[in-house]
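Residues per chain, in single letters:
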Amino acid sequence: MASLVGSRVERKEDKKLLTGRGKYTADINFVNQTFAYFVRSPHARAQIKNVDTSKALKAPGVVAVLTGKDIADDKIGGLIAGWRIKSEDGSDMKVPAHPPLASDTVNYVGDHVAVVIADTLDEARNAAEFVKVDYKVLKAVVNTAEAMNSDQIYKDIPKNLCFDWLLGDRAKVKEAFDKADKIIKIDLINNRLIPNAMEPRAANADYNPSNEEITLYTTSQNPHLARIIISAFNGVAPENKLRVIAPDVGGGFGSKIYPYAEEVVCSWAAKKIERPVKWVADRTESFLSDCHGRDHVTHAELAVKNDGTFLGFKNETTANIGAYASVFATVTPTYLFGPCATGVYKMPAAYSNVKAVFTNTAPVDAYRGAGRPEATYTIETLVEKAARELGMDPAEIRMKNFPTQFPYQQTLVHSVDSGDYVKGLNKAMEVADYKGFEKRKKQSASKGKLRGIGFCSYFEACGIAPSPVVMMLGCGIGLWESAEVRFNPTGNVTVFTGSHSHGQGHETTFAQIASDQLGVPIENIEISHGDTDKGPFGYGTYGSRSLTVGGTAIVKACEKIIAKGKRVAAKMLEASVEDVEFSNGEFVVAKSNKKKTIGEVAFACYLPGTYGEVKSPLPEGEEPGLKETSFFDPVNFSFPAGSHICEVEVNPETGETKVVKYTAVDDFGTIINPLVVEGQVHGGLAQGIGQALYESCHYDGSGQLITASYMDYTMPRADNFPEFQLDWTCTPATTNPLGTKGCGEAGAIAAPPAVMNAVMNAIGTEISMPATAEKVWKACNKNKKIKSEAA
Amino acid sequence: MKKVSLEVNGKKVSKEVPDHTLLSVFLRDILNLTGTHVGCDTSQCGACVVHVDGKSIKSCTTFAADLEGTKITTIEGITQNGKLHPMQEAFKKLHGLQCGFCTPGMVMSAIDLLKNNKKPTDAEIREWLEGNICRCTGYQNIVAAVKEAASKM
């Protein structure tokens, strides 16, 4: 059997999704189900003086109207921040209470005030109009940069400051800066984004009074985490009485890692009214209440020698985490951001100082790349500026500062096991035809267009993560992954994984891995995920971790299967275990033609006897059955890296900016399925280019979300992109048996600086994301004016 | 309430529905054809695209009651005798889908494009699909799949 790892295997999951047979949460219905509609705050900040539900309760079809008082009376716990960060002065971060339904105050537009539950959605929505909430409106804090000097939102949180965190050594940085020939400075805004998975969030909770068990269907990247939080922290039901199923999920990008108020409320309410409660967000609700991403204000400086050698780096960032500290809100701008902010370079001294602030906006949490796009944008625009100011080629300055010896101990945290950054950038320049740029620039100029080129070399810490390390740093959970490989008696295989696929194609790529390991044809392998009652506990999919951590767990479980298979085959073949070899699905006795297929061994494990005589194929003491579990905890992160080169064309008359050429050369280590990996890169690039040119979440001064629909928030469309040119280099990861590094976030990490560097190269002016036509046109006009005045 | 009689995927259907019932609701909640998805409230995302008398429309902004006597085709209706439509085949072959949520609308929209333009260029495909938003694929493999399907149809 030919190896499947490395092959462009068509996806097993596609047929159902292409024929309309996928089952997303909104497609799931129960007999006697009710519908929930949430009454949300129309104000960014207000005291709730009174909630009057009496009229709503009398409306047709209404089953219940529940408020913050009800949820407090039932002692349902609040939503949690999952990562404890300490400030530079050693004090613990400060977080406000976050009840699933607000009782005293509301803190962003869209905050949950009450839920109306009725027989139909129309009835619930209509009755919600009758819930009378008496608010005392307070002055909202909206602006990230000004949050610390604005009104105090929470009484126990001075300056609206969650934490003031430092990573690195200020004294060493000062020394480095004192020795520098030149200090390059930059002020950046990493624009706030809204993740916008195409499937809006949804939940359907079904309570069974006979066994007191809740089954919650939900749009989750991580059903096991949802279960432990809703059980242990919200206290809705004990873990053994709560089953969470994340069926087909229509994209996540980080926004569906953790449970939200709606899942908690639906589960609690279903138990209370003893009927299923279904909730499906409409798109505006998603805009208002899904966690947002990014939203940093950064000042960064790079100390350089005149020859382009980097001496030191400092990064002062204010990160807006919104109204409450969501589950991964506090780690995203700290440990996922700071260590990567020195980029892919040798940087003798560095620090990152991050102040996380509360504002009256939706909570901000991990969004594709989570901290690493912000880090990469900071260092890569700064490096490009250094090249400009030193009169160096942007490739030359990067090459000069790449580490070339691996493992490489990066300045702030990571020990990078493998990589070849020089090779990656050289290949990117070759694929992008860097030499031909000047010619293409002239061609563009002849059409009245300004052409620019931009580079980005990045690395990212993925394969999240070694549990003892992240727990030492404040993480409230482990980040290992589980796999159970279960042979069925007839020889086919079901693999249960704690990872969750919501577009990534695990049903195919994980089956490729298991097929190679076990020598079982891929069509006889089923990947099962997303149901807490099926496989073992796991930690879900985010942080480009599924293959590196979850895939390795599958390999380890397969190794255990083979070890047991050898013992059984040895007995069956009357050989010693040491003489049994396994390859291509067969146990073979060395130097003989005696063999048993793995299917025969599995059958014998489940039917361990013989007709007519008492004889077991199992060695003495061996248990029947063939099923093994592995919990794999990685020893290190993995470190994908690469170089991207973007070319844009700007029309100075209109400001319209188009990406006309985009080259990505990435090193993801071993690639299991190039078809799937290319798709992951394309998607990441679209989101990254979206951030650079189109997307931006905007609140007005009073905290109203202005971009709350697809009429107002620019989602990238098919005609916004050229055909991307992709290529690879490969230095296998040394920290997992597959050699994989992760590929899901690279595009979103590398594209924003590559695009923005190209735009700035084209127009010759610094400009903030998104580089909309209006902004670019203004910048071009200003340049024209300066030029004409100078003339 | 209004009675509406029409044909869905070749089957005659007659139902009494509230006047404001959208075609997407009619298909999903009344006929249980949940392959048609709803991804927004403003007729922008295109996950809900179906064919009415052979033309692609957004079912989330069409009243079922206005469609008396029409022939509707949804994503569930384009597979013939268990065999995938060439557009579905092409999406599968070239990885034109990831999470699959936008896919039904994308496929139905693309099929309509090829009815009007048998050999569209990349730019024409990208322009046609402007009304279908995908957050996963970056569109590249969708464009490739539409071209592949055009070569097979």
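Keep in mind that what you see is a predicted model, and the values were worked out from it rather than measured.

Caption draft 1: The overall build of chain B, seen in detail. Within chain B one finds 5 helices and 5 strands. Here the C-alpha radius of gyration of chain B, 15 Å, is about what a compact globule of 153 residues would show, namely 15 Å. The principal-axis extent of the C-alpha atoms belonging to chain B is close to 45 × 35 × 25 Å. Across the 153 residues that make up chain B, the buried fraction comes to 54%. By sequence separation, contacts in chain B at least 24 residues apart represent 61% of the contacts at least 6 residues apart.

Caption draft 2: Seen up close, unusual backbone geometry. All names here are of chain A. Here Phe406 and Pro407 are connected by a cis peptide whose omega angle stands at 0 degrees. Looking at the secondary structure, you find Pro407 in the loop between α10 (394-401) and β16 (408-409). Cis peptide bonds are those with omega within 30 degrees of zero, and the linkage from Ile464 to Ala465 qualifies with 0 degrees. With respect to the secondary-structure elements, Ala465 resides in the loop between β18 (450-459) and α13 (467-472). Positive phi, close to 60 degrees, is recorded for Glu212, a residue that is not glycine. Relative to the helices and strands, Glu212 resides in the loop between β9 (202-208) and β10 (213-218). Here Glu212 falls in the exposed class, since 11 other C-beta atoms lie within 10 Å of it.

Caption draft 3: Structural detail: the interface of chain B and chain A. Contact residues are listed per partner, giving 44 residues for chain B and 43 residues for chain A. Grouping the constituent residues of the side of chain B that touches chain A by class yields 20 nonpolar, 16 polar and 8 charged.

Caption draft 4: Main features of the domain arrangement of chain A. All names here are of chain A. Taken domain by domain, chain A consists of domain 1 (14-138 + 201-280), domain 2 (296-390 + 397-464 + 636-790) and domain 3 (480-632). With 22 residues of domain 1 in contact, the opposing surface of domain 2 contributes 23 residues. Across the side of domain 1 that touches domain 2, the residue classes break down as 14 nonpolar, 6 polar and 2 charged.

Caption draft 5: Looking closely at the packing of helix α15 (residues 546-572) of chain A against helix α16 (residues 598-606) of chain A. All names here are of chain A. Across the interface, α15 lies against α16 with an axial gap of 10 Å and an inter-helix angle of 85 degrees. Of the possible angle classes, the one that applies to α15 and α16 is roughly perpendicular. Across from Gly565, Val568, Ala569 and Met572 in α15, the residues of α16 making contact are Ile598, Val601, Ala604 and Cys605. When the residues that make up the contact of α15 with α16 are grouped by side-chain class, the tally is 7 nonpolar, 1 polar and no charged.

Caption draft 6: Region of the structure containing the pairing of β10 of chain A. All names here are of chain A. Among the 6 residues that make up β10, 5 are buried, leaving the element largely enclosed by the rest of the structure. Examined bridge by bridge, β9 and β10 share 6 bridges and lie antiparallel to one another. When the bridges of β10 are listed, Asn208 appears paired with Glu213. In this antiparallel pair of consecutive strands, β9 and β10, the connection spans 4 residues, and Glu212 shows a positive phi of 60 degrees. With 4 bridges joining them, β10 and strand β11 (residues 242-245) adopt parallel strand pairing. The partner of Ile214 across the bridge, within β11, is Leu242. Crossover β10 to β11 through helix α6 (residues 223-233) is right-handed.

Caption draft 7: Focus on the packing of helix α9 (residues 372-390) of chain A against helix α18 (residues 746-763) of chain A. Residues and elements named next belong to chain A. Running from amino to carboxyl end, α9 crosses α18 at an angle of 30 degrees, the nearest separation of the two axes being 8 Å. Comparing their axes, α18 and α9 come out roughly parallel. In this structure, the crossing between α9 and α18 has a hand that is right-handed. Along its contact with α9, which presents Arg372, Pro373, Thr376, Tyr377, Glu380, Thr381 and Glu384, the element α18 presents Ala748, Ile749, Ala750, Pro752, Pro753, Met756 and Asn757. Per-class residue counts for the contact of α9 with α18 are 8 nonpolar, 3 polar and 3 charged.

Caption draft 8: Region of interest: the sheet that holds strand β5 (residues 112-118) of chain A. All names here are of chain A. If you walk across this open sheet you meet the 7 strands as β3-β5-β1-β12-β9-β10-β11, and the pairing is mixed. The open sheet has two edge strands, β3 (62-67) and β11, and neither has a second partner. For this sheet, the mean angle separating the axes of adjacent strands, direction not counted, is 20 degrees. In the packing of helix α4 (residues 121-128) onto the sheet, the strands contacted are β1 (34-40), β3 and β5, and the crossing angle to β1 comes to about 25 degrees. Here α6 sits on the sheet in contact with β10 and β11, set at roughly 150 degrees to β11.

Caption draft 9: Focus on the domain arrangement of chain B. All names here are of chain B. Taken domain by domain, chain B consists of domain 1 (2-77) and domain 2 (86-152). Taking the mean C-alpha position of each, domain 1 and domain 2 sit 21 Å from one another. Opposite the 15 residues of domain 1 that make contact, domain 2 presents 11 residues. It is strand β3 (residues 49-52) that provides the largest number of residues to the side of domain 1 that touches domain 2, a total of 3 residues. Its residues assigned to classes, the side of domain 1 that touches domain 2 shows 6 nonpolar, 8 polar and 1 charged.

Caption draft 10: Spatial organisation of the sheet that holds strand β14 (residues 310-322) of chain A. Residues and elements named next belong to chain A. Pairing in this open sheet of 5 strands is mixed, and the strands run β7-β15-β14-β13-β8 from one edge to the other. Edge positions in the open sheet fall to β7 (161-168) and β8 (182-190), since each of these has one partner strand only. On average, adjacent strands in this sheet sit at an angle of 10 degrees to one another, irrespective of strand direction. Relative to strand β15 (residues 349-358), β14 is paired through 10 bridges, and the arrangement is parallel. Along β15, the bridge assignment pairs Ala319 with Ala356.

Caption draft 11: Geometry of α18 of chain A. For α18 of chain A, spanning 18 residues, the distance from its first C-alpha to its last is 26 Å, which sits close to the expected 26 Å at 1.5 Å a residue. Once α18 of chain A finishes, Gly764 of chain A follows within two positions and takes phi at roughly 75 degrees, a positive value.

Caption draft 12: Summary view of α4 of chain A. Residue and element names in this part refer to chain A. For α4, the full list of buried residues reads Glu123, Ala124, Ala127 and Ala128. End-on view of α4: buried residues confined to an arc of 135 degrees, all on one side of the axis. For α4, the elements touching its buried residues are β1, α2 (54-57), β3 and β5.

Caption draft 13: Structural view of the environment of Gln725 of chain A. All names here are of chain A. Along the chain, Gln725 falls in strand β28 (residues 725-729). Distance from Gln725 to His682, taken between C-alpha atoms, is 9.5 Å for residues 43 residues apart in sequence. Look past the residues within four positions of Gln725 in its chain and what remains in contact with it is Val431, Tyr662 and Thr663.

Caption draft 14: A look at the nonpolar core. Residue and element names in this part refer to chain A. Ranked by size, the top nonpolar core spans 294 residues in total, and within it Ala36, Val116, Ala514, Val755 and Val759 carry the most contacts. When residues in this core are grouped by element, the largest group, 13 residues, is from α18. Once residues within four sequence positions are removed from consideration, Val755 is found in contact with Gly454, Cys646, Val648, Val659, Ile689, Ala692 and Leu693.

Basis of the calculations
- Residues numbered from 1 in each chain as written.
- Chains lettered and ligands numbered in written order.
- Predicted model: local features only at pLDDT ≥ 70, side-chain atom pairs only at ≥ 80, totals over all residues.
- Helix = DSSP H or I, 4+ residues; strand = E, 2+ residues; numbered from the N terminus.
- Rg over C-alpha atoms; globule rule 2.2 N^0.38 Å.
- Buried ≥ 20, exposed ≤ 12 C-beta atoms within 10 Å, placed from the backbone.
- Contact = placed C-beta atoms within 7 Å.
- Nonpolar A, V, L, I, M, F, W, Y, C, P; charged D, E, K, R; others polar.
- Domains from an automatic or database assignment.
- Axes fitted to C-alpha atoms, helices over the stretch in contact; angles between N-to-C directions.
- Parallel < 35°, antiparallel > 145°, perpendicular 65-115°, else oblique.
- Pairing = 2+ DSSP bridges.
- Right-handed = clockwise from strand over helix to strand, strands pointing away.
- Left-handed = near helix turned anticlockwise from the far one by under 90°.
- Expected span 1.5 Å × (residues − 1).
- Arc of directions from axis to C-beta.
- Core = buried A, V, L, I, M, F, W, Y, C linked by C-beta atoms within 7 Å.

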